[in-house]
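Observations on chain architecture
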Amino acid sequence: MAGREPMDGYAADTGGGAQAARDTGGGAQAARDIEGGAQAAFAATLVDEWVRAGLSDAVIAPGSRSTPLALALAEDGRTRLHIRLDERAAGFLALGLSRATGRATVVVTTSGTASAELHPAVAEADLAGVPMVVCTADRPPELQGVGAPQTMVQTGLYGSAVRWAVAVAVPERSQDGMWRSLAARAVAEAEAGPSGPGPVHLNLAFRDPLVARPGPLPPGRADGRPWHHVGRRVPTATPADVAAVAGRHERGVLLVGAGAGDPVAVHAAASALRWPVLADPRSGARTPGPGTVAAADAILRSPDARDRLRPEVVVHLGERWASRAVADWLRQPGIRHVLVDPDWRWRDPDRLAATVLRSDPTALCRAVAESAPEPPAQPEWRTAWASAEATAQAAVADALDGRAGLTEPRVARTLFDALPTEATLVVGSSMPVRDLEWFAAPRHRPPAVLANRGVNGIDGTIATALGVAAARSPVAVLLGDLTFLHDAGALLGAAEAPDMSCTLVVVDNHGGGIFSFLPQASHLPEDTFELLFGTPQAADVCAVAAAYGVGVVRASDEGELRSALKEKVGSPGVSMIHLRTDRTANVAVHDRTHRTVARALEELWTPR
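We now turn to the structure provided with this report. (Residues numbered from 1 in each chain as written. Predicted model: local features only at pLDDT ≥ 70, side-chain atom pairs only at ≥ 80, totals over all residues. Heavy atoms only, no water.)

Considerations on the overall build of the chain
A count of helices and strands for the chain gives 23 helices and 18 strands. Considering only intrachain contacts with a sequence separation of at least 6, the fraction spanning at least 24 residues in the chain is 78%. Just so you have it, the chain exposes about 23,700 Å², and 53% of that area is on carbon and sulfur atoms. Measuring between centres, the 59 positive side-chain charges of the chain sit 4 Å from its 68 negative side-chain charges. (Helix = DSSP H or I, 4+ residues; strand = E, 2+ residues; numbered from the N terminus. Contact = heavy atoms within 4.5 Å. Areas by Shrake-Rupley, 256 points an atom, 1.4 Å probe, with all protein chains shown as cover. Lys, Arg positive; Asp, Glu negative; His and termini not counted. Charge placed at Lys NZ, Arg CZ, Asp CG, Glu CD.)

Next comes the structure, spelled out in structure tokens:
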């Protein structure tokens, strides 16, 4: 909440425009009253159009200049309102709601720095392809550039991070014929634009009086539909697309991440091709099966494995893995890369793609499964991957289960295994998302997994999870202590929302654990490393949570963690499970686990 301004009382709309009042001698006050009514009608029209388009949620950060739109949302009553004092948390809450519902969420702020606070969430929504309708209130033209409070240049504030942006002048009745079109187009651009889903920005100028009765709205479509209904284009798979995937390649791989399409279709295509599926947990395809490979990171750290399991072609479906070992393996010469990219996002930082397909991943996989000729690959290719996967999973289990207490890889592995199918697991974009990707074993009917991997920042993790939980519960969140502290303010008021279930699983290693895996840890003096990268905080994570009304339980081993998950996940409100680990020991656990896998693979491939 960036500040408040004095508010006028209700002003009546006499049915004409502001200019008409001036022309007929109504005076300055009459013109102001009519402007207020026009603004109220404009805001109410936006809301009515958004409801017609099927939007269900709006997040409001309180402020004065946004009063017309906030009142319209509250008085309409057909959208669920979520009020957050902190605009940054409001932005990520909206992001989480949109992730959970698949529909755009409206987020509203007042003018000034409040609008800038939304930028991190807008940037994430852009790169992650999440629809949002971002509405920032603004001062009228006469208050721009003259030192008026809470006033700055907001036009173009989010740059190229939005799919569409428009600066709307102070509403007047003479322009009410465009109001419904504006609202409907905002939804269409956010959900069905040519670059795929993403945020749009409406910068809305409002003039005093800010509180007024709307009067009659311009009529909408008689059938109740939005003014513009734009269907989402689903690029179909052409025979050429199928041929690009199902050509005469004996040694192929499907590399799948978030957004890879229907997991059943993915596995059907892999089965038809006799290829393995390297499945990120966020893909939904990390399920048991003869082609599923979950331990790709551990397997491909082995030079022998990289050579033995070198493919001829890799088909990339969805977002990239976080694993550097997988990325290094992909960069080997002689591999043909096919990038499936329906929204033209060009997720290819190493510039490996020889072919880019604009097909919908699900449609493509189904077409491959139905149209593939005789399987080009010999069964030995997928069998080699299956043997490596079984060996690696046994080695990982042996390395992790043989230790007393909790380790960070074991926590991630346990969460993926223990959560109920109907749960959603939100994962912090530091070590948690990597530990889940590297160590979670395949399971039947896994929980949905979400992470903010557009910009890959840790900010907004809690707010995102609360947004997801507001739309579909239960939610569990795996995050570290710094990620928790970075977004702890998002918990303000959350404990008072009994209609959601959100359980924070905080791995507290007293600092930024991911930096212990980077060259800085070995190249810098310990005190310098701790000052700049380890950054241990004096704050007590449990006390901070308790200050926001969040109940805390502690777990020190896998049994206690499973019991706490069973108790807390699905229970009303927000809770926290606190786990203590050690950063230095965590690096050793990772190294030992990778060595155990390497030895097991060496034994697998050593002739007897």
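Having seen it, we continue.
Considerations on the environment of Gly551
Looking at the secondary structure, you find Gly551 in strand β17 (residues 551-555). The spatial distance from the C-alpha of Gly551 to the C-alpha of Gly573 is 9.2 Å, given a sequence separation of 22 residues. Residues within four places of Gly551 in sequence aside, it is in contact with Val574, Ser575 and Met576.

Structural notes on the packing of aromatic side chains
For the structure on display, the rule yields eight aromatic pairs. Aromatic pair Trp329 and Trp385: ring centres 5.8 Å apart, planes at 75°, arrangement edge-to-face. Taken together, the positions of Trp329 in helix α12 (residues 324-330) and Trp385 in helix α14 (residues 379-401) put the pair 56 residues apart, joining distant regions of the chain. Here Trp329 matches Trp385 in class, with each residue buried. Centroid distance Phe515 to Phe533: 5.5 Å. Interplanar angle 50°. Geometry classified as tilted. You can see Phe515 sitting in the loop between β16 (501-508) and α19 (519-523) and its partner Phe533 sitting in helix α20 (residues 526-534), a full 18 residues away along the chain. By the ring-pair criterion, three or more aromatic residues cluster together here, those being Phe42, Trp179 and Phe206. Over the ring of Trp438 we find Arg301; its NZ or CZ atom is 5.1 Å from the centre of that ring. (Phe/Tyr/Trp six-rings, centres within 6.5 Å; stacked < 30°, edge-to-face > 60°. Buried < 20%, exposed > 50% of the residue type's maximum accessible area, 1.4 Å probe, protein only. Lys NZ or Arg CZ within 6 Å of the ring centre and 35° of its normal.)

Overview of the pattern of salt bridges
As a working rule, side chains carrying opposite charge can pair if their charged atoms are close by. Under the definition given, this model contains 28 salt bridges. Residues Glu191 and Arg103 are paired through a salt bridge, measuring 2.7 Å at the closest nitrogen-oxygen approach. Remark: Arg103 occurs in the loop between α4 (87-101) and β3 (105-109) and Glu191 occurs in helix α7 (residues 179-192); sequence separation between them is 88 residues. On the basis of relative accessible area, Glu191 is assigned to the buried category, the value being 15%. Here Asp126 ties to Arg345 by a salt bridge, and the two come within 3.5 Å at their closest N and O atoms. (Salt bridge = Lys/Arg side-chain N within 4 Å of Asp/Glu carboxyl O.)

Some words on the packing of α14 against helix α15 (residues 408-418)
Where α14 contacts α15, the axes come no closer than 10 Å and their chain directions differ by 120°. As judged from the angle between their axes, α14 and α15 are oblique. α14 and α15 meet at a crossing whose hand is left-handed. When α14 is examined against α15, the residues Gln393, Val396, Ala397, Leu400 and Asp401 are found in contact with a partner set consisting of Pro409, Arg410 and Arg413. Tallied by class, the residues present in the contact of α14 with α15 amount to four nonpolar, one polar and three charged. (Axes fitted to C-alpha atoms, helices over the stretch in contact; angles between N-to-C directions. Parallel < 35°, antiparallel > 145°, perpendicular 65-115°, else oblique. Left-handed = near helix turned anticlockwise from the far one by under 90°. Nonpolar A, V, L, I, M, F, W, Y, C, P; charged D, E, K, R; others polar.)

A short note on the sheet that holds strand β7 (residues 252-256)
Taken together, six strands build an open sheet; the order of strands is β9-β8-β7-β10-β11-β12 and the sheet is parallel. Strand pairing shows two members of the sheet lacking a second neighbour, β9 (292-293) and β12 (353-357), which therefore form its edges. Taken together, the two bridges between strand β8 (residues 277-279) and β9 define a ladder with parallel strand orientation. Following the sheet pairing, Val277 is matched in β9 by Thr292. (Pairing = 2+ DSSP bridges.)

Considering unusual backbone geometry
The step from Asp208 to Pro209 runs through a cis peptide bond, and the omega angle for that step is 5°. Structurally, the position occupied by Pro209 is in the loop between β6 (199-205) and α8 (239-245). Here the bond from Ser473 into Pro474 is cis, since omega is 5°, no more than 30 degrees from zero. With respect to the helices, strands and loops of the structure, Pro474 is situated in the loop between α17 (461-471) and β15 (475-480). Residues other than glycine seldom take positive phi values, yet Asn456 does so here, at roughly 70°. Looking at the element boundaries, Asn456 is found in the loop between β14 (448-451) and α17.

Here's the deal with the environment of Pro131
Residue placement: Pro131 occurs in the loop between α6 (119-128) and β4 (132-138). According to the relative accessible area criterion, Pro131 is buried, its value standing at 7%. Note: C-alpha distance between Pro131 and Pro199 (68 residues apart in sequence) is 5.1 Å. Discounting residues that sit within four places of it in the chain, Pro131 has contacts with Ser98, Gly102, Arg103, Ala104, Thr105, Ala190, Glu191, Pro197 and Gly198.

What to know about the pairing of strand β10 (residues 313-317)
In terms of residue burial, β10 counts as a mostly covered element, since five of its five residues are buried. The alternating pattern of β10 places Val313, Val315 and Leu317 on one face and Val314 and His316 on the opposite face, and all of these are buried. Pairing analysis gives five bridges linking β7 to β10, with the strands arranged parallel. Among the inter-strand pairings, Leu254 is bridged to a residue of β10, identified as Val315. With α12 bridging β10 and the parallel strand β11 (residues 336-340), this β-α-β connection has right-handed handedness. (Right-handed = clockwise from strand over helix to strand, strands pointing away.)

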